[in-house]
Amino acid sequence: MIRLERVTRIHNEGRPNAVTAVDDVSLELPDRRVTVLRGPSGSGKTTLLTLVGCLARPTRGRIWLDDELISALPERFMTEVRRRTFGFIFQRFNLVRGVSALENVMLPAYPAGEPHAALKARAQALLERFHLRDRMHEKAELLSGGEAQRVAIARALINDPAWIIADEPTASLDTSLVERFLAEVRDLAKAGKSIIITSHDPRVWQADVVDRIVTMQDGRIVSVEDVGKAPAAAAGREGSPP
Ligand SMILES: Nc1ncnc2c1ncn2[C@@H]1O[C@H](COP(=O)(O)OP(=O)(O)OP(=O)(O)O)[C@@H](O)[C@H]1O
Ligand SMILES: [Mg+2]
């Protein structure tokens with residue numbers, strides 16, 4: 001579980017352009033559940049994700065990952081927690097242009113120093129799982145929207161993270177790709193991953209795979225709704241412990 005205790009994040013603190021993007025938020029993000037963060041533009045969703053995913057630190061407050069106080073870790077330990085715990089899917093997928101699908105998938109694993117051949121084999125296996133065997137040597141910018149989406153998901157999985165964080169993953173996708181994305185989320189949830197998605201998209205928060213909807217406004221949480229069939233449904237999930 002990830003637990004936020006009175007977390008505040010101020011961008012540009014102490015300057016005239018300071019913005020309190022996340023304002024005194026306390027929240028629990030359960031394991032093995034799909035949580036959607038929604039709220040108007042500027043309500044702090046992306047900022048909250050960066051704090052949860054160890055991409056930024058809170059200005060005030062604490063964040064725990066299970067029993068580890070991650071918000072207080074020195075930089076290099078925080079980087080290490082980020083790499084082993086989280087996979088990220090960014091808006092528009094943020095694939096690196098000029099580089100193949102395969103290399104894009106391998107990128108997040110480079111710092112771990114795994115032998116290149118072993119890493120490449122894992123990346124290839126992931127791409128095959130997402131039906132991209134024939135496209136893995138294609139440059140990122142030449143992939144279709146659906147292919148880029150699947151490469152982005154494969155990249156998020158390369159370090160076998162327990163948590164998947166997706167920021168507006170369906171923005172600008174047509175309905176069939178949204179359905180496909182939700183099907184992948186369903187599979188990941190079944191495989192026991194914990195998933196956080198920010199979304200403006202009702203097709204996402206109304207999806208049956210969603211367990212919890214957290215609504216933000218002006219940096220604060222205004223509601224937390226449990227909409228899933230948990231815990232009964234969760235107990236039936238393949239890959240879940242008893
Ligand atoms: N790096 C930054 N520097 C300064 N201000 C920022 C920065 N990132 C975000 N903000 C501000 O913090 C507030 C929250 O932004 P954030 O991106 O977290 O919102 P959001 O809910 O993700 O919005 P959207 O739905 O448009 O993606 C906004 O007022 C935004 O302008
Ligand atoms: Mg955002």
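Keep in mind that what you see is a predicted model, and the values were worked out from it rather than measured.

Criteria and thresholds
- Residues numbered from 1 in each chain as written.
- Chains lettered and ligands numbered in written order.
- Predicted model: local features only at pLDDT ≥ 70, side-chain atom pairs only at ≥ 80, totals over all residues.
- Heavy atoms only, no water.
- Pairing = 2+ DSSP bridges.
- Helix = DSSP H or I, 4+ residues; strand = E, 2+ residues; numbered from the N terminus.
- Axes fitted to C-alpha atoms, helices over the stretch in contact; angles between N-to-C directions.
- Parallel < 35°, antiparallel > 145°, perpendicular 65-115°, else oblique.
- Left-handed = near helix turned anticlockwise from the far one by under 90°.
- Contact = heavy atoms within 4.5 Å.
- Nonpolar A, V, L, I, M, F, W, Y, C, P; charged D, E, K, R; others polar.
- Near = heavy atom within 4 Å.
- Polar contact = N/O pair within 3.5 Å; in protein donor to acceptor, adjacent residues only side chain to side chain.
- Buried < 20%, exposed > 50% of the residue type's maximum accessible area, 1.4 Å probe, protein only.
- pLDDT = per-residue confidence, 0-100.
- Salt bridge = Lys/Arg side-chain N within 4 Å of Asp/Glu carboxyl O.

K.L.:
Mind showing me how you'd approach the sheet that holds strand S5 (residues 68-69) here?
P.N.:
In a beta sheet, neighbouring strands are held together by backbone hydrogen bonds and run either parallel or antiparallel to one another. Ordered by their spatial adjacency, four strands build an open sheet running S2-S1-S4-S5, and the pairing between neighbours is antiparallel. Single-partner strands in this sheet number two, and they are strand S2 (19-29) and S5. The pairing of strand S1 (residues 2-11) with strand S4 (residues 60-65) spans five bridges and is classified as antiparallel. Looking at the pairing, glutamate 5 lines up with arginine 62 of S4.

K.L.:
Sorry if this is basic, but what is going on with the packing of helix H5 (residues 145-157) against helix H6 (residues 175-190) here?
P.N.:
When two helices pack together, their arrangement is given by the angle between the helix axes and by the axis-to-axis distance. Between H5 and H6, the least distance of the axes is 10 Å, while the angle of their chain directions is 20°. When the axis of H5 is compared with that of H6, the two are roughly parallel. Note on packing geometry: the crossing formed by H5 with H6 is right-handed. Residues Gly145, Gly146, Gln149, Arg150, Ile153 and Leu157 of H5 lie in contact with H6, whose contacting residues are Leu177, Arg180, Phe181, Glu184 and Leu188. Its residues placed into classes, the contact of H5 with H6 shows five nonpolar, three polar and three charged.

K.L.:
Honestly, the site of ligand 1 in this entry has me stumped. Any pointers?
P.N.:
Residues in contact with ligand 1 amount to 13 residues; listed here are only the nearest, Ser41, Gly42, Lys45, Thr47 and His200. Between ligand 1 and the protein, one listed contact pairs an oxygen atom with a side-chain N or O atom of serine 41 at 2.5 Å. Of all the secondary-structure elements, those providing two or more residues to the shell around ligand 1 are S2 and helix H1 (45-52). With three residues, H1 is the largest single contributor of residues to the shell around ligand 1. Residue composition of the shell around ligand 1, grouped by class: three nonpolar, nine polar and one charged.

K.L.:
Sorry if this is basic, but what is going on with the pairing of strand S3 (residues 34-38) here?
P.N.:
Residues in a regular strand point their side chains to alternate faces of the sheet. The buried count for S3 comes to five of five residues, which makes it a mostly enclosed element. Here S3 shows a buried face lined by Val34, Val36 and Arg38 and a second buried face lined by Thr35 and Leu37. As paired strands, S3 and strand S8 (residues 194-198) are joined by four bridges and run parallel to one another. By the bridge assignment for S8, valine 36 is matched with isoleucine 197. Bridging between S3 and strand S9 (residues 212-217) involves four bridges; their strand directions are parallel. If you follow leucine 37 over to S9, its bridge partner there is valine 214.

K.L.:
How do you make sense of the confidence of the model for the protein chain when you look at a structure like this?
P.N.:
Reading predicted coordinates in detail is not appropriate for stretches of low pLDDT. Here the protein chain averages 92 in pLDDT, while 94% of its residues score no lower than 70. Confidence drops under pLDDT 50 across residues 232-242; counting only partners more than four residues distant or on other chains, this segment forms 13 contacts.

K.L.:
Even after reading the chapter, I still don't get the pairing of strand S10 (residues 220-226), so can you show me in this structure?
P.N.:
With six bridges connecting them, S9 and S10 associate as antiparallel partners. Each bridged residue has a counterpart across the sheet, and for isoleucine 213 the counterpart in S10 is glutamate 225.

K.L.:
Would you explain the pattern of salt bridges in this entry?
P.N.:
Where charged atoms from two side chains of opposite charge approach closely, those side chains can pair. As enumerated under the stated definition, the model contains 14 salt bridges in all. The closest approach of N and O atoms between arginine 220 and aspartate 23, which form a salt bridge, is 3.2 Å. Of this pair, arginine 220 sits in strand S10 while aspartate 23 sits in strand S2; the two residues are 197 residues apart in sequence, bridging distant segments of the chain. Overall, aspartate 23 belongs to the partly exposed group, its relative accessible area being 23%.

K.L.:
Just to check I follow, could you spell out the sheet that holds S10 for this structure?
P.N.:
Reading across from one edge, S6-S7-S8-S3-S9-S10 is the order of the six strands in this open sheet, with mixed pairing throughout. Taken across any chain shown, the strands that pair with only one partner, and hence form the sheet edges, are strand S6 (86-89) and S10. This sheet shows a mean twist of 15° between the axes of neighbouring strands, independent of strand direction. The strands touched by H5 within the sheet are S6 and strand S7 (163-167), with S6 carrying the most contacts at an inclination of about 165°.

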